[in-house]
Amino acid sequence: MYVAVKGGEAAIANAHRLLADRRRGDRSLPSITIEQIVAQLGLAVDRVMAEASLYDRAIAALAIRQSCGDLIEAIFILRAYRTTLPRFGYSVPLETADMQVERRVSATYKDLPGGQLLGPTFDYTHRLLDPSLLHDAPVDEALQREGGQEPIMRVTDILADEDLMEDDGTLPEGHVPGDLTREPLEFPMARDLRLQALARGDEGFLLSLGYSTQRGYARSHPFVGEIRIGEVDVELDLPELGFAVSLGRIRITECQMINQFKGSAKSPPQFTRGYGLVFGQSERKAMAMSLVDRALRASEFDEDVVAPAQDEEFVISHSDNVQATGFVEHLKLPHYVDFQAELDLVRRMRREYEAGRGDKTDSDIPEAAE
Amino acid sequence: MTTAASELATYNFAYLDEQTKRMIRRAILKAIAIPGYQVPFASREMPMPYGWGTGGVQVTAAILGPEDVLKVIDQGADDTTNAVSIRAFFQKVANVAVTTRTRAATIIQTRHRIPEEKLTTGQTLVYQVPIPEPLRFLEPRETETRKMHALEEYGLMHVKLYEDIARNGHIATTYAYPVKVEGRYVMDPSPTPKFDNPKMHMSEALQLFGAGREKRIYAVPPHTEVVSLDFEDHPFEVQSFDKPCGLCGAENVYLDEVVLDDRGGRMFVCSDTDHCEDRRAHGHCGTMLAYGKEAAR
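Residues numbered from 1 in each chain as written. Chains lettered and ligands numbered in written order. Predicted model: local features only at pLDDT ≥ 70, side-chain atom pairs only at ≥ 80, totals over all residues.

**Concerning the overall build of chain A**
- Across its full length, chain A holds twelve helices and four strands.
- The C-alpha atoms of chain A give a radius of gyration of 27 Å, which is well past the 21 Å a tight globule of 370 residues would have.
- Taken over the C-alpha atoms alone, chain A extends approximately 95 × 70 × 55 Å along its principal axes.
- Across the 370 residues that make up chain A, the buried fraction comes to 29%.
- Of the contacts formed within chain A by residues at least 6 apart in sequence, a portion of 64% connects residues at least 24 apart. (Helix = DSSP H or I, 4+ residues; strand = E, 2+ residues; numbered from the N terminus. Rg over C-alpha atoms; globule rule 2.2 N^0.38 Å. Buried ≥ 20, exposed ≤ 12 C-beta atoms within 10 Å, placed from the backbone. Contact = placed C-beta atoms within 7 Å.)

Below is the structure:
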């Protein structure tokens, strides 16, 4: 009970030791391996890679293990690693039309070129606990489709042919895509930066905002034009060679939301786009992102900005969960200097209040009794 | 995995890569050139959470050299857990000399306090800042507040202070009390108690402010005017304490209140632990010193 006790250093060391002990848990059980996390908790790995903006399954799995499965903590660990990596170039835009598609669904057409492919989805599972998973019951191999894949055209391109879909849009001449990890954010933002921020934004936050647009806070009448999940090549332009070479493949989820638009003085009535692109398999995030992207484009279409999801400063300033968790949790750090100042003020105001009341008591109380 | 793991083990001097340090130094130079102006910078993710002082840590990392002597305080104390942690971080990634002595330090990183001892030429005080924008709680939008600064439109702040007086008879801001720097920019001094505001005025030391999450750096160069906002008939006042420090007997210093028991027992001790220890080493003694020693045992 004495302030000048030098306890900080030992306390921190002991706390870390206890944390490591809890992380390992019961020593009679084998320790979980990185390979097991990558193979069996793949969607957790995907979320960590997406919100950390770093595509590396093994390192993401290491972060998940290190954080005892706290995914935001894992995202944070991975971000802090990513920020130290040197930048040797920027890839050419991904060509999602050439995706090796594993899942592709459209809600706007019953059938379409390339077909509907369900892929590995929870959608039509019944959420009944599966006792067979209590044991290591054998699992059947997945079926493989025969033959090659026909090209799968984008649904938005079908509508664009009829001029019923807004263009993909063009960027001003000489526009270099921004990089929010290298430049400070400034408002208002261009859409490229906004999409970057949304792509690493918190899944839960974007989900709730997207949901709010469906419930009338900036309603945009959305349809899922298409969701596709699969692998695409990442290519880098090499100036020495004069053409792009493939660095490897990544698995991504893309969502093109189609939204109603009645037209304005500038544009004819046509459908508009909301776009979502996320590392790994994360349909929920990609869909929420495309709803929020569309809501944030309100000013492009002369729509009134009336709801939180349309407010760029509000959405982008609060979508990053590493920032959010840091600032919320920092409240547990010592604040006793400031609290002392407030304590002093409240005591003073309390004295003034009681002195003021003391004067009135004699005359006021009988009156109140009447 | 092994290559990734071995790469993880090597970091540049003071953690940040040299390119990032150059970017931060450019922001610092601009901040010094325009006292009190918030310079946007491309804040990095640091290996400690936002809110733990990532802005201050980046500023320190960018200005730290191998010859520097670093002191880190939180709430005025060198031994609070976060100060210990940040000090250990720089020992680890920069192998730099550290101290708890205010006088011996060339760089002092702080959260919520300015040391009691007067800082001198050649010293740099690095503040950790949570919300750099003094107008934020009056106007939540960055686009608006930047405009207000540009137009020197600070009426809203004066109205807020006036409303305090109208409601309470005095200004009810006790920490993060707004100041005007060199007659131009209204600045947030970070959540230091207003007790510390006068120490910023005409300081011989360079004062740098880093806000990591909000991506802003600002500065008060040495010998710069820093004036706490007030009114002619309600001049700025600092907190005063009824009793001197219980351990070293110091007066006119900022004190922490320590709860001694569940019967209302309290003692007040220096928030600046180095200042307190220094005084005790020089034979100053407070009324509670004996009690403290006993309790520590």
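**Focus on the overall build of chain B**
- Looking only at helices and strands, one finds nine helices and twelve strands in chain B.
- Relative to its length of 297 residues, chain B is compact, with a C-alpha radius of gyration of 20 Å against a globular reference of 19 Å.
- Seen along its three principal axes, the alpha-carbon backbone of chain B occupies a region of about 60 × 55 × 35 Å.
- A total of 297 residues make up chain B; the buried ones form 49% of that total.
- Expressed as a percentage of contacts within chain B between residues at least 6 apart in sequence, the contacts between residues at least 24 apart total 62%.

**A word on the interface of chain B and chain A**
- With 50 residues of chain B in contact, the opposing surface of chain A contributes 45 residues.
- Of all the secondary-structure elements, those providing two or more residues to the side of chain B that touches chain A are helix H1 (2-8), helix H4 (81-94), helix H5 (142-150), strand S11 (255-259) and helix H9 (289-296) of chain B.
- No other element matches the four residues that H4(B) contributes to the side of chain B that touches chain A.
- Of the residues belonging to the side of chain B that touches chain A, the class tally is 22 nonpolar, 16 polar and twelve charged. (Nonpolar A, V, L, I, M, F, W, Y, C, P; charged D, E, K, R; others polar.)

**Brief notes about the packing of helix H1 (residues 8-24) of chain A against H4(B)**
- Contact geometry of H1(A) with H4(B) gives a least axis separation of 9 Å together with a crossing angle of 80°. Our classification of the angle between H1(A) and H4(B) gives roughly perpendicular. In this structure, H1(A) uses A:Gly8, A:Glu9, A:Ala11 and A:Ile12 to contact H4(B), whose residues at the interface are B:Thr81, B:Val84 and B:Ser85.
- For the contact of H1(A) with H4(B), a count of residues per class yields three nonpolar, three polar and one charged. (Axes fitted to C-alpha atoms, helices over the stretch in contact; angles between N-to-C directions. Parallel < 35°, antiparallel > 145°, perpendicular 65-115°, else oblique.)

**Here we look at the pairing of strand S8 (residues 206-211) of chain B**
Residue and element names in this part refer to chain B.
- The element S8 is extensively covered by neighbouring structure, given that six of its six residues are classed as buried.
- Of the strand pairs in this sheet, strand S5 (residues 124-128) and S8 are connected by five bridges, and their pairing is parallel. For threonine 124, the partnering residue across the bridge sits in S8 and is leucine 206.
- Of the strand pairs in this sheet, S8 and strand S9 (residues 216-220) are connected by five bridges, and their pairing is antiparallel. Looking across to S9, one finds that phenylalanine 209 is bridged to tyrosine 218. (Pairing = 2+ DSSP bridges.)

**Observations concerning H4(B)**
- Its 14 residues give H4(B) an end-to-end C-alpha distance of 20 Å, which sits within 8% of 20 Å, the value for a rise of 1.5 Å per residue.
- Taken residue by residue, H4(B) has B:Asn82, B:Ala83, B:Val84, B:Ile86, B:Arg87, B:Phe89, B:Phe90 and B:Ala94 as its buried positions.
- Those residues of H4(B) that are buried lie in contact with H1 of chain A together with helix H3 (54-63), strand S2 (69-74), strand S3 (97-98) and strand S4 (107-111) of chain B.
- Looking one or two residues beyond H4(B), the residue adopting positive phi is B:Asn95, at roughly 50°. (Expected span 1.5 Å × (residues − 1).)

**Digging into the confidence of the model for chain A**
All names here are of chain A.
- Looking at chain A, the pLDDT average stands at 89 and 94% of residues meet or exceed 70.
- A low-confidence stretch, residues 1-5 stays under pLDDT 50, and its non-local contacts, those more than four residues away or across chains, total ten contacts.
- With pLDDT under 50 throughout, residues 361-370 is counted as low confidence; its partners more than four residues away or in other chains account for zero contacts. (pLDDT = per-residue confidence, 0-100.)

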